[in-house]
Structures are given as C-alpha cells and as structure tokens.
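Structural features, examined
Here's the letter readout for the chains.
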Amino acid sequence: MAAMRTLTVAGLFLAFCALGLIAVAISTDNWYETDARRHRERCKNYSNKRNDPGYIYISNNNLPLRMLPKERHLEKMSGEMLLRAKRHFLPPAPAMESLCSRQFNSTITGLWKKCHRGGFDLEIEDLIFKGLVPRCTPIKYYYSSSALPRNLPIKLTKTIRQDEWHALHLQRMTASFVGMAMSIILFGWIIGVLGCCKQHDLMQYVAGLLFLMGGTCCIISLCTCVAGINFELSRFPRYMFGIPEDISHGYGWSMFCAWGGLGLTLLAGFLCTLAPSLYPPHTTVVHKPRQENGCV
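Now for a quick tour of the structure. (Residues numbered from 1 in each chain as written. Predicted model: local features only at pLDDT ≥ 70, side-chain atom pairs only at ≥ 80, totals over all residues. Heavy atoms only, no water.)

**Considering helix α7 (residues 154-198)**
Going by this rule: Under the DSSP-based scheme used, a helix requires at least four consecutive residues in state H or I and a strand at least two consecutive residues in state E, with every element numbered from the N terminus. Between the first and last residue of a helix there are one fewer steps than residues, each counted as 1.5 Å, and that sum is the expected span.
Between its first and last C-alpha, α7 extends 66 Å over 45 residues, near the 66 Å set by a 1.5 Å rise per residue. Note on α7: the residue one or two positions beyond its end, Q199, has a positive phi of about 55°.

**What about the state of the cysteines?**
For the record, the criterion: Criterion for a disulfide: a pair of cysteine sulfur atoms at a distance within 2.5 Å. To sort residues, take the accessible area from a 1.4 Å probe on protein chains only and compare it with the maximum for the residue type: under 20% means buried, over 50% means exposed, and anything in between is partly exposed.
What the rule picks out here adds up to one disulfide. Here C115 is linked by a disulfide to C136, with a sulfur-sulfur distance of 2.0 Å. Since a negative S-S torsion denotes a left-handed disulfide, the C115-C136 link at about 110° is right-handed. In this pair, C115 sits in strand β3 (residues 113-116) while C136 sits in strand β4 (residues 136-138), placing the two residues 21 residues apart along the sequence. The exposure class of C115 is buried, given its relative accessible area of 6%. Residue class for C136 comes out partly exposed when judged on its relative accessible area of 28%.

**Looking at the sheet that holds strand β2 (residues 107-109)**
Keep this limit in mind: Pairing between strands is defined by DSSP: at least two bridges between them are needed. To obtain an axis, a line is fitted to C-alpha atoms, over the contacting stretch when the element is a helix, and the angle between two such axes runs from 0 to 180 degrees between their N-to-C directions. Contact between two residues is taken to exist if any of their heavy atoms lie within 4.5 Å; hydrogens are not considered.
Judged by pairing direction, the sheet is antiparallel, and its five strands sit side by side in the order β4-β3-β2-β1-β5 without closing on themselves. With one partner strand each, in any of the chains shown, β4 and β5 (248-251) form the two edges of the open sheet. Averaged over all adjacent pairs, the angle separating strand axes in this sheet is 15°, with direction ignored. The sheet contact formed by strand β1 (residues 32-35) and β5 spans four bridges and is antiparallel. Counted as the bridge partner of Y32 is Y251 from β5. Across the face of the sheet, helix α8 (residues 201-233) comes into contact with β1 and β5 while running at roughly 160° to β5.

**Overview of the pairing of β1**
Burial along β1 is two-sided: the face carrying Y32 and T34 and the face carrying E33 and D35 are both buried. In this structure, β1 lies alongside β2, joined through two bridges in antiparallel fashion. Counted as the bridge partner of Y32 is T109 from β2.

**As for the packing of aromatic side chains**
This is how it is decided: Each Phe, Tyr or Trp ring, with Trp reduced to its six-membered ring, pairs with another whose centre is within 6.5 Å; inter-plane angles below 30 degrees give stacked pairs, above 60 give edge-to-face pairs, and intermediate values give tilted ones.
Counted by the stated rule, this structure contains four aromatic pairs. On the numbers, 5.7 Å between centres and 40° between planes, the contact of F16 with W189 is tilted. One end of the pair, F16, is in helix α1 (residues 2-27); the other, W189, is in helix α7, and 173 residues separate them in sequence. Considering the side-chain rings of Y32 and Y251, the 6.4 Å spacing of their centres and the 65° angle between planes classify their relative orientation as edge-to-face. Of the two residues, Y32 sits in strand β1 while Y251 sits in strand β5, which places them 219 residues apart along the sequence. Judged by its relative accessible area of 13%, Y32 is buried.

**Considerations on the layout of surface pockets**
With a probe scaled to a water molecule rolled over the atoms, the places where space remains empty come into view. Note the threshold: Each cavity reported here is a set of points on a 1 Å grid over the protein atoms alone in which a 1.4 Å probe fits but cannot get out, each pocket an open set with protein on both sides within 12 Å along at least five of seven lines, and each lining residue one with an atom within 4 Å of a point. Grid points are joined across faces, edges and corners, and a volume is the space filled by probe spheres set on the points.
What the largest pocket holds in volume is close to 1,700 Å³. Elements supplying a minimum of two residues to the lining of the largest pocket: β1, β2, β3, β4, α7, α8 and α9 (238-241).

**Thoughts on the nonpolar core**
Rule in force here: Only buried residues count toward a nonpolar core. Its members are Ala, Val, Leu, Ile, Met, Phe, Trp, Tyr and Cys residues joined through side-chain atoms within 4.5 Å.
Judged by nonpolar contacts, the single largest core of 34 residues is most densely connected at I22, W31, F211, C218 and L222. Broken down by secondary-structure element, the contributors of at least two residues to this core are α1, α7, α8 and α10 (253-274). Contacts of C218, omitting those with residues within four sequence positions, involve I22, A181, A258 and L262. Listed in part, the six residues of the second largest apolar core include L148, L152, M240 and F241.

**Considering the side chain of T174**
The test is simple: Two N or O atoms form a polar contact when they lie within 3.5 Å of each other; inside protein one atom must be a possible hydrogen donor and the other a possible acceptor, and for residues adjacent in sequence the pair counts only when both atoms belong to side chains.
Checked against the element boundaries, T174 lands in helix α7. Here the side chain of T174 touches L170 through a polar contact of 2.9 Å, landing on its backbone oxygen. Among the polar contacts listed, one links the side chain of T174 to the side chain of T224, at a separation of 3.1 Å. Among residues more than four places away in sequence, those in contact with T174 are L111, S221, T224 and C225.

**With respect to the packing of α1 against α7**
Selection criterion: Each angle is binned into one of four classes, with values under 35 degrees roughly parallel, values over 145 roughly antiparallel, values of 65 to 115 roughly perpendicular, and all other values oblique. Definitions for this section: a left-handed crossing has its near helix turned counterclockwise from the far helix by less than a right angle. A right-handed crossing has that turn clockwise. Any residue outside Ala, Val, Leu, Ile, Met, Phe, Trp, Tyr, Cys, Pro, Asp, Glu, Lys and Arg is labelled polar, Gly included; the first ten of those are nonpolar and the last four are charged.
Running from N to C, α1 and α7 cross one another at 155°; their axes reach a closest spacing of 10 Å. By the criterion of interaxial angle, the relationship of α1 to α7 is roughly antiparallel. In the packing of α1 onto α7, the handedness of the crossing is left-handed. Contact residues: α1 offers R5, T8, V9, L12, A15, F16, L19, I22, A23 and I26, while α7 offers V178, M182, I185, L186, W189, G192, V193 and C196. Of the residues assigned to the contact of α1 with α7, the class counts are 15 nonpolar, two polar and one charged.

Any link to function would need more than the numbers given here.
Next comes the structure, spelled out in structure tokens:
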C-alpha cells in the first residue's frame, strides 16, 4: 500500500513538473535561434572595399595560389576532397554579392512570434528604438502568399506556393498537438490527484494512460517542429531560401524545455500505470456452515 502511494505521488509530481516545462516552452520564443553577426560583418567588409579610381581591385581567384590543382592531381583526389577544393577555389565576389543582397538578422522564433535578438545587431536596435522596425512579428497560421519576383518561371512559382502550404501545415500540426498534449496531461493530473485522495486504483491507472497519451501528442508536435525547420532550410531555390554557412543557427532552450517535459510525462505515465499493480488483491472470505453431528 505504501509503495503504491509513493509511486502515485512521484508520478503526479513528475507530471506537474512536465506541465510547467511544456507551459514555459509554449509561452516563450526560444525554439529556434539564428546568429547573423559574422555574416553581416563579412558583408560590411566586402562593401567597404576601396573603389577609388587609383585603386585596382584584383580578385583572389586570379592569384597563382588560388588556382585549381592540375588534372593529374585531380585524378588522385577523392570525390569529397575534389568537391571541397572546387568550393574553396570558386570566385568569391559573385557569391558574396548574391548572399549580401539578402538581409539576414539574428532572430529567435517560437510558436507565436519571431523576434530580433537583443544586443546582436546595433543597426536593427537603433531602428527598433526609433519605432521604424517592430521587435517581434506574429507567426501567421493562415495562408498568405509571399511576394515573389515577377521573372520567375511558372513551375518554380507553383513549387514555391506548394512549399508554403506544406510549411504552414507543419506549423499548424506543431501548435495544435502541443496544445492537445498539455490539455491531456492536465486532465490526467486532475484525475490522478482525485484517485490518490480517494485511493481509487482505477483512476490512477487512467491517469497514467492519459499521461502516456499526452506524451505521444508531445512527440508528434516536436517531430513536426523539427521537420518544419529542416523543410524551411532545404527549400528550393537556395538563393532565395537558403542560409549562408557563416550564420550559426540551432534550437533554443524552449525546445529543450519541451523535450524535458516529454520525458517527465512518459516517466509519470509509467509510474502511475505501475502503481495499481502493487495494490493487494481483494479476497473475499466465504464462511462455510459448520457441519453438525448427524448431518451430511
């Protein structure tokens, strides 16, 4: 009896902690982070090169040390080394012009809004202070077509529109399933508390099943979130949707809070479903009538 109560209380405590972690993850915006300071610094250095009439700019790819190796050396190189060598010896000027034509900012993204990171871009901070640029922009869960160049082919335009619908579908799944997970876990926690107070083993078992169901919804939400981020990074064409290599990006602490809440939820479901099995079985004692003398 004491072991069952201990497991139940531990499961309910873990479920309560999981609710707190998931609530923090939902209410914060640090699911995905980008840091574009290195890229902006490179673009500034590239745009500040000398262009006065007395200065002749020589591209690095015209220098002898930047030339590709000879063909007899190319045959000895493996495929990965050859690709790396070609990428290293590409002309940097056109690549930098195409990358610097797009503006990349250091941002944090959550379920509800996308914000500029404070203290990362001084120019953006000045514009935000003047009220010219908002700090955060809400994430739209309805379809709104983005502005595209008019000279794009029709097939490419259709592909971009389809990718927008697919990305929107993944965003909706992420937000809806994490909301369902939190609701199911809260409902299971209430049932578990009532079952613990009334010492009803069936209610505790149902609470454990609800915790496992909420953990399943949380798994679906986090998997669709990761799939949505990877889909956005791999969208075509790359010169419109790709991220340069000098921009660091990754998951934030809100995502790790959600994963921590998922682990605690599954552990709470295991403990609450295991607790009723330790309850001693109800045995009813049947008193047989005493046989009297002379009676069979």
